[in-house]
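Read off the chains here:
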Amino acid sequence: MKFYVDVKRCIECGGCEVACKNENNVPEGIARIRVATVNEGEPGETNVAVPCMHCSKAPCIAVCPVDALFHRPDGVVQVNKETCIGCGYCLYACPFGAPQFPKSSPFGARGVMDKCTYCAGGPEEPFSDRELRLYGSNRVAEGKLPMCASVCSTKALVAGDAEEVANVVRQRMAARGSGGGAWGWDTAYR
């Protein structure tokens, strides 16, 4: 399971952030997905939705000293909140800033890490009250996409099986073309 963020389509509406917080009862001070703006106010301004990318070779998993982070069989990177000791190694290892810690107390007392779950719940029994309370909804088990991708009005956030996502990317790139015939070329290179 993978995400693809099409920066040509993101309009910084913030719908993904709000939908994620609402669907998963995300704790205050935590953002499982956020929209970052690069070159704000300048030509070439770009908006990028930044969720956990559920990396195949996730650096957060590699540095976790207690193996609280792990890959599910479908590729989703999950955290076991019962095992996490809140050391913060994953925070420093992740290039996307996905691991988050509550900001209400000093670093050493922050508690356990929270991150995007791909709306796939957690290692608890599916659809249990405990899973919902600790990890949020389990839309994947219901056969649904993560909430952030479901509500994206411009379809800038694509989610699903890695091969399906790759097909969407190939179709979009083919439609945009390349070089002088590329979509937006006249605007971008005047």
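As the structure is a prediction and not an experimental result, all values here were calculated from the model. The residue numbers shown here count from 1 along each chain, following its written sequence. The predicted origin of the model limits local features to residues at a pLDDT of at least 70 and limits the giving and counting of side-chain atom pairs to 80 or more, whereas totals for whole chains, interfaces and linings rest on all residues. To get the side-chain values, all heavy atoms of the structure are used, and hydrogens and water are removed first.

*Asks:* Quick question: what am I supposed to make of the overall build of the protein here?
*Replies:* Within the protein, the regular secondary structure consists of 7 helices and 6 strands. Helix and strand assignments come from DSSP, with helices taken as H or I runs of at least 4 residues and strands as E runs of at least 2, each series counted from the N terminus. When the helices and strands of the protein are placed in sequence order, the string is β-α-β-β-α-β-β-α-α-α-β-α-α. The classification of residues rests on relative accessible area computed with a 1.4 Å probe and restricted to protein chains. Under 20% of the type maximum is buried, over 50% is exposed, and intermediate values are partly exposed. Considering the protein as a whole, with its 190 residues, one finds that 41% of them fall into the buried category. Here, two residues are considered to be in contact whenever any of their heavy atoms come within 4.5 Å of each other. Within the protein, counting contacts between residues at least 6 apart in sequence, those at least 24 apart form 52% of the total.

*Asks:* What is the right way to look at a negative patch on the surface in this model?
*Replies:* Distance thresholds for patches are 9 Å for like charges and 5 Å for nonpolar side chains (Val, Leu, Ile, Met, Phe, Trp, Tyr), applied to residues having over 30% relative accessible area and no salt bridge. The method behind every accessible area is Shrake-Rupley, applied with a 1.4 Å probe, and residues are considered shielded solely by the protein chains displayed. What counts as a salt bridge is simple: a side-chain nitrogen of Lys or Arg found within 4 Å of a carboxyl oxygen of Asp or Glu. Charge counting follows a simple rule: Lys and Arg are positive, Asp and Glu are negative, and His as well as the terminal groups are ignored. A charge is said to be at NZ when it belongs to Lys, at CZ for Arg, at CG for Asp and at CD for Glu. Residues E12, E40, E42 and E45 make up a contiguous surface patch of negative charge. Along the polypeptide, E40 turns up in the loop between β2 (34-38) and β3 (46-50). Accessibility expressed as a relative area gives 60% for E40, which makes it exposed.

*Asks:* What's the story with the nonpolar core in this structure? I'm lost.
*Replies:* In this description, a nonpolar core means a group of buried Ala, Val, Leu, Ile, Met, Phe, Trp, Tyr and Cys residues linked to one another through side-chain atoms lying within 4.5 Å. Among the nonpolar cores identified, the biggest contains 24 residues, and F3, C16, I33, A49, Y118, C148 and L157 are the most heavily contacted of them. Those elements giving two or more residues to this core turn out to be β1 (2-5), α1 (15-24), α5 (147-151) and β6 (157-160). What I33 contacts, discounting residues up to four positions off in sequence, is C16, E17, C20, A49, V50, P51, C148 and L157. Residues C60, V79, C90 and M113 belong to the second largest nonpolar core, which totals 11 residues.

*Asks:* How do you make sense of helix α6 (residues 162-176) when you look at a structure like this?
*Replies:* Residues three or four positions apart in an α-helix share a direction because the helix packs 3.6 residues into each turn. Look at α6: 21 Å from first C-alpha to last across 15 residues, which is about the 21 Å you get at 1.5 Å a residue. Residues of α6 that are buried: V165, V169, R172 and R176. One side of α6 holds all its buried residues, which, seen down the axis, span an arc of 65 degrees. Those residues of α6 that are exposed and angled more than 90 degrees off the buried face are E164, Q171, A174 and A175. Summarising the contacts, the buried residues of α6 are in contact with β1 and β6. G177 occupies a position one or two residues after α6 and carries a positive phi of about 80 degrees. Here a helix's expected span is defined as the number of its residues, less one, multiplied by 1.5 Å. As used here, the arc belongs to the directions running from the helix axis to the C-beta atoms.

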